Amino acid sequence: MRRSLPLLALATFLLASSAASAQSPPKREMRGAWIATFGGIDWPNPAHTPARQRDSLIVILDRHKATGINTIYFQVRSQCDAMYPSTIEPWSKDLTNVQGNPPSTMWDPLQFAIDECRKRGMELHAWLNPYRALSSNTTTNYNALAASHVAKQHPEWLITSTTPNQLILDPGIPDVREYVTKVVMDIVRRYDVDGIHFDDYFYPNATYNDDATFAAYPNGYSVRADWRRNNVNLLIKKISDSIATVEPWTKFGISPSGIWRNGTGVGGSATTGFEHYVTIFADSRLWIQQEWVDYLAPQVYWQIGLSAANYSVLIPWWNNVSSTRHIYIGMAGYKVGVAGNGTYETDVTMIPRQLRMNRDAAYPNVKGQAIYNTTSLRNNLNGFRDSMRLFFYQKPALQPTMPWKDNVAPAPASGLTGSVSGLSARVTWTPPAATANEFDKVRNFVVYRSQTSPVDINDANNLLAIVHADSTGYTDGTLVTGNTYFYLVTTVDRFHNESIESNTISLSTGTLPLVLSDFIVKRFDQNRVQLIWETVREEQLSHFEVERSLDGNNFSSIGRVTAVNQPGNHTYQIADPIAIYNAPIYYRLRMTDIDGRFRYSPVRTITISEQQQFVQVVPTVVRTGQPVEILLQENTDRPLSWILFDAGGRQLGAGSLSVMTAGSRTSLPATGQLRGGWYLLRFSDGKRQVTSRFLVN
C-alpha cells in the first residue's frame, strides 16, 4: 500500500526517534546505495538521449546526497557488457537499446558518475557481475548479442543452465579467470574508482553440466562441490592480488547473498534459507578470513523474526566472521511497503530497527549498510528514506578507515578564517601542499562546528560538512541569532584517515539584548498549564512568542507577550489549555528584539496525567478520506463538545454531539477530509475533558 509522504516522514521519524537517547550518530559509517543498470532497474532509460540520461543520474545522486548516502555501487557490467567505452566488451543495451551500439552522442557514464560522486563527497565503486553472460538465453536474445560479445567470441567458455535458462562463463576454465581479471583491471587502470564490487552471482542456482571442465581442469579435486568452490576462490584471489599490485589504494569487496551456510554444527548460522556456500559454491567466509577482500556486504534481505532467515540472527553471525576486515549489511529497501514481503509491507519500524541493530555496540565489525535499490529510496514507501534522512543519517559521516591499506593521515589545512553575514557564516582555509603520493592526497575537507570550545571532533554532532578537495571554503546557513559558534577544519585522504585540526575560529551572530534567567512550565489547574519565565536585562526587546508542539518538531504560536523593555528583573507568565494528556507537551519562547532578530529559549516539556478516558477515537489509525469514529465509554447527561487540533496544536475545527449512552459510536464527518498525519481530538461534557490522539493513514 502506498502511503502519503507527509504522514510517513512524521510517523517514521517519531518511531525512530524513540531511540535517540540510546544511540548517538556514528562519526564513521559506510552508507551505501546500489544503482542497478541491468534492465534499467534504477537507471538509465535507453530511450532517452545522453543529455537526459545524465540529468536523471544527477537527480539520483542529488537525492542520495540529501539522504545522507556516502557510497555508490554503480553497476557497469551486468551481462559481459559495458556501461563505459571498452575495447574488451560491447556497450550495454541497457544504455543504448542495442548491445554494441555506442551512445548517439558519445559520453562515458562511468567517468561521469565518478566525477559527480566526487563533487558530492561520495565514493564510487564499480559494480560488476563476474560470470553472467546472458540472463535469459532465448534465441532472440542470443541473436541480439553483439558480435564482439564473449558468448559469440568464445562459446566454448560457456555453461548453459536450465531453469532458469542462462549463459554463464564457466568458472572452472582458466581462460575465463584471465578474461574476467582483464575486464576488471581495465577499469582499475583507466578509472579512478574507489572500489571494485562483485555481486552475488557465481555458479548458477540451476541445472547445468560442467563434466567436461571438471575432467579437463580437476586441479587435484575429486569432490565436485569443493572443486567448484575452489574455482571461484581462484578468481577472487587473482582479482585481489591484481588490484593490490597495480593500484593498492582501490578497494575490493563482494556482496554475497545473506546466508553463508545453514547450521551451527558446520560453523554456519541458525537459519534454513538459501545458502551460497552449498548452492552457488561461493565461500565468502574464506574470502574475508584470508583477507582477499576489504569488505563483505551480505544481502541480509529478511525481516527481524523470520524463522528461516532471521535478521537478528544473521547480524551477529556476520559480525563474528572477521575482525580484521569490514562487514557492511545489504538491506532490502526494495521490499519495504510492497505486498508479499511479510512484515516489510506494513511495519514502518522494520528498517529503523534493523539500522539500530547494525549500529549496536555488540557488533563492532559491522561498519555500515547499503540499500538495494535506488528506486526504493526514491519511492520512500513507509517513509523509510525519511527515517534515514531525518534521523539516522541526519549528520554526515566519514568512511570507516582501512588501516591494512593505509593508516597515515594527510597534511592538515591551515589559515582558517571566517565572517558572518546575517545568519550565514563563510569559513575559508588554505589547503596543504599538493603531493604525488596517491595515499596522501587530500580527498575531502571536514568542517566541524560547536557552540563550546574546544571543539570535540570525536563527537559526530559537531561534524557539519564534508567538502570536496577542490573547495577552499564552506558556507554555513544554519546559524541562530544570539549564538557564538566555533569552527575548525581537518583533511582526510581517500581512506578517510584524518589529519590534525586546523586553528579554531569563533564567529558570533550577536546577542539579543536580554538574559533569560529562568523558564518553567507547570500544571496550573484542572484544564491549564502555566508558563513562567524571568529576565535579568532587557534592552530594545520587542516581545516573546510562546510556541507549543505536540511532537517536539512542529511548533506553533499560542500567544505573544510584549516585553517590558526596561532595566531590572522581570517576570512573565501565560496559561495554556492542556492540549493532550498522558503524552509530552513541548514549549519554547521565541525572543525577538525591535530589529527583528530572535533566538529560541531551551525547550521545556510537561506531561499531564489523566484518568481513564470516557470517550475515545476507535480505531486510532484512520484511513485517508474516512471520518473519525468515537466510542463513548460512559453515559453522558449533557452534549459532548469536541475540538480538532493538528500536531502543531493549531485548531482545525470544533462541534458538538447530542447526549449519548455508553457503548454508542458516532462519526465526525468534518474529519473525512484530513490529510495524512497526527491529530488530536479534545472532548468535554462540561464536567470532564479528555484528549485522544489518532493517525490518518
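Since the model is a prediction, treat every value here as computed from it, not as a measurement.

Definitions and limits used
Residues numbered from 1 in each chain as written. Predicted model: local features only at pLDDT ≥ 70, side-chain atom pairs only at ≥ 80, totals over all residues. Heavy atoms only, no water. Helix = DSSP H or I, 4+ residues; strand = E, 2+ residues; numbered from the N terminus. Buried < 20%, exposed > 50% of the residue type's maximum accessible area, 1.4 Å probe, protein only. Contact = heavy atoms within 4.5 Å. Core = buried A, V, L, I, M, F, W, Y, C linked by side-chain atoms within 4.5 Å. Pairing = 2+ DSSP bridges. Axes fitted to C-alpha atoms, helices over the stretch in contact; angles between N-to-C directions. Salt bridge = Lys/Arg side-chain N within 4 Å of Asp/Glu carboxyl O. pLDDT = per-residue confidence, 0-100.

**A short note on the overall build of the protein**
Step number 1: Within the protein one finds 15 helices and 34 strands.
Step number 2: The principal-axis extent of the C-alpha atoms belonging to the protein is close to 90 × 70 × 55 Å.
Step number 3: Evaluated residue by residue, the protein yields a buried proportion of 56% over its 697 residues.
Step number 4: Residue pairs at least 24 apart in sequence account for 70% of intrachain contacts in the protein once pairs closer than 6 positions are excluded.

**Thoughts on the side chain of Thr491**
Step number 1: Tracing the chain through its elements places Thr491 in strand β17 (residues 484-492).
Step number 2: Under the relative-accessibility criterion, Thr491 is labelled buried at 0%.
Step number 3: Among all residues touching Thr491, those that are not within four sequence positions of it are Pro410, Ala411, Pro412, Ala413, Pro432, Val442, Asn444, Phe445, Asn497, Glu498 and Ser499.

**Structural notes on the nonpolar core**
Step number 1: Counting residues in hydrophobic clusters, the biggest one holds 118 residues, and the most contacted among them are Phe74 and Ile196.
Step number 2: Element by element, the count of residues in this core is highest for helix α7 (residues 174-190), at 8 residues.
Step number 3: Filtering out sequence-adjacent residues up to four positions away, Phe74 remains in contact with Ile35, Thr37, Trp43, Leu57, Met83, Pro109, Leu110, Ala113, Leu124, His125, Ala126 and Trp127.

**As for the sheet that holds strand β32 (residues 665-668)**
Step number 1: Pairing within the open sheet is antiparallel, and its 3 strands lie in the order β27-β29-β32. One side of each edge strand has no neighbouring strand; the edge strands of this open sheet are β27 (615-617) and β32. Averaged over all pairs of adjacent strands, the angle between their axes in this sheet comes to 30°, without regard to strand direction.

**Side note on the environment of Arg261**
Step number 1: Relative to the helices and strands, Arg261 resides in the loop between β8 (251-254) and α10 (276-279).
Step number 2: Residue Arg261 is classed as partly exposed on the basis of its relative accessible area of 23%.
Step number 3: With 11 residues separating them along the chain, Arg261 and Thr272 place their C-alpha atoms 8.7 Å apart.
Step number 4: With residues up to four places along the chain from it excluded, the contact list for Arg261 reads Val266, Gly268, Ser269, Thr271, Glu275, Tyr277 and Val278.

**A look at the sheet that holds strand β28 (residues 621-622)**
Step number 1: The 5 strands are arranged β28-β34-β33-β30-β31 in an open sheet whose pairing can be described as mixed. Two strands close off the open sheet at either side, each with one partner strand: β28 and β31 (651-657).
Step number 2: Taken together, the 6 bridges between strand β30 (residues 640-646) and β31 define a ladder with antiparallel strand orientation. From the neighbouring strand, Leu640 faces β31, where its bridge partner is Leu657.

**Points about unusual backbone geometry**
Step number 1: Residue Asn373 follows Tyr372 across a cis peptide bond; omega there is 10°.
Step number 2: Looking at the secondary structure, you find Asn373 in the loop between β11 (366-372) and α14 (374-379).
Step number 3: At the junction of Ser453 and Pro454, the peptide bond is cis and its omega measures out at 5° in the coordinates.
Step number 4: Although it is not a glycine, Cys80 adopts a positive phi angle of roughly 55°.

**Quick notes on the environment of Val246**
Step number 1: Mapping Val246 onto the fold places it in helix α9 (residues 224-246).
Step number 2: In sequence terms Val246 and Asn230 are 16 residues apart; their C-alpha atoms lie 24 Å from each other.
Step number 3: Discounting chain neighbours no more than four positions away, the residues touching Val246 are Met185 and Arg189.

**A closer look at the environment of Ala339**
Step number 1: Tracing the sequence through the fold places Ala339 in the loop between β10 (326-332) and α13 (350-359).
Step number 2: Between the alpha carbons of Ala339 and Asn635 there is a distance of 43 Å; along the sequence they are 296 residues apart.

**A few points about the pattern of salt bridges**
Step number 1: Per the counting criterion, the structure on display carries 32 salt bridges.
Step number 2: Arg449 is the partner of Asp476 in a salt bridge, and the nearest nitrogen-oxygen pair spans 2.7 Å. Placement of Asp476 in strand β16 (residues 473-476) and of Arg449 in strand β14 (residues 444-450) is noted, with a sequence separation of 27 residues between them.
Step number 3: Beyond isolated ion pairs, a larger network of salt bridges with shared partners links Arg118, Asp192, Asp194, Glu438, Lys441, Arg443 and Arg494.

**Points about the pairing of strand β3 (residues 123-128)**
Step number 1: Where burial is concerned, most of β3 is hidden: 6 out of the 6 residues are buried.
Step number 2: Burial along β3 is two-sided: the face carrying Glu123, His125 and Trp127 and the face carrying Leu124, Ala126 and Leu128 are both buried.
Step number 3: In terms of strand pairing, strand β2 (residues 71-77) meets β3 through 6 bridges, oriented parallel. Bridging from a neighbouring strand, Gln75 pairs with Trp127 of β3.

**A short note on α13**
Step number 1: Buried residues dominate α13, accounting for 9 of its 10 residues.
Step number 2: Three or more residues of α13 are buried, namely Met350, Ile351, Pro352, Gln354, Leu355, Arg356, Met357, Asn358 and Arg359.

**What about the side chain of Ser549?**
Step number 1: Along the chain, Ser549 falls in strand β21 (residues 541-549).
Step number 2: Ser549 gets classed as buried once you look at its relative accessible area, which sits at 0%.

**As for the confidence of the model for the protein**
Step number 1: When pLDDT is averaged along the protein, the result is 91, and 95% of the positions lie at 70 or above.
Step number 2: In this model residues 1-21 is a low-confidence stretch, pLDDT under 50, and it forms 53 contacts with partners more than four residues away in sequence or in other chains.

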